Amino acid sequence: MSGLSALFALTTWQIAADGPLRRFDERAGRALVGHGPRWLTEFLADLGNMQVALPVLGCAVGWSLLRGGRRAPLGAVLAMAAVPLLVVPLKDWIARPGPLTEATGYYPSGHAATAAVAYGASALLLGRLVRRRAWMMPVAAVLLTAATGIGLVLRGYHWPLDVLGSWFLCGLLLLLPGVLSRSRRRSSSRTPSC
């Protein structure tokens, strides 16, 4: 947890202070823009759209609720609700221009954050319910989240550190479903005996 916090703080500081990491990021971003088939990179970037990622999370929350989960689905919903509450003020405060525009508000990436929380929380919820091959859930979440970030950078919608900063921030948010689920297990194991 402290590692993710430190990485997010370092990334944010370098972007806000126009540090050497930001200059390297912008050189790398310019070199990457436009690579790959346009249809594919657009598809990958779209995986971070709310219209794509939120229904995935909604299905995972619904399935978890049907299977008797309460706290972990609540944690997943709260984590997703926290994304715009954290990302939008940061975008306004940092006011970073995008790769292909002078418009500002590109750090951190809202699409990368949406993908990370929606797919990550879905994996956490479904991994608890699927006993066999539960390892596939986090692998799928990482692949979908990484694919989204790759698409965003190759299409020129975000700089690489916009995406990484979102991932560091959302790694912290993804602790919420697990914390709520563990607190439920601890409280149920301490039920008083009569």
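Refer to the structure presented above.
Residues numbered from 1 in each chain as written. Predicted model: local features only at pLDDT ≥ 70, side-chain atom pairs only at ≥ 80, totals over all residues. Heavy atoms only, no water.

A. Just the pattern of salt bridges, in detail. Applying the stated criterion across every chain, the model contains 6 salt bridges. One salt bridge in this structure joins Arg96 and Asp25, with 2.7 Å as the shortest N-O distance. Taken together, the positions of Arg96 in the loop between α5 (71-94) and α6 (110-129) and Asp25 in helix α2 (residues 20-32) put the pair 71 residues apart, joining distant regions of the chain. As far as the burial class goes, Arg96 and Asp25 line up, both buried. What emerges from the salt-bridge pattern is a single network uniting Asp18, Arg22, Asp25, Glu26, Arg96 and Asp162. (Salt bridge = Lys/Arg side-chain N within 4 Å of Asp/Glu carboxyl O. Helix = DSSP H or I, 4+ residues; strand = E, 2+ residues; numbered from the N terminus. Buried < 20%, exposed > 50% of the residue type's maximum accessible area, 1.4 Å probe, protein only.)

B. Region of interest: the side chain of Lys91. If you trace the backbone, Lys91 turns up in helix α5. Buried and unpaired, Lys91 has no salt bridge, with Asp162 as the nearest side chain of opposite charge at 7.0 Å. Setting aside its immediate chain neighbours within four residues, Lys91 contacts Gly105, Tyr106, Tyr107, Pro108, Ser109, Gly110 and His158. (Lys, Arg positive; Asp, Glu negative; His and termini not counted. Contact = heavy atoms within 4.5 Å.)

C. Just the environment of Pro138, in detail. Here Pro138 lies in helix α7 (residues 136-154). Taking the C-alpha atoms as reference points, Pro138 and Arg23, separated by 115 residues in sequence, lie 33 Å from one another.

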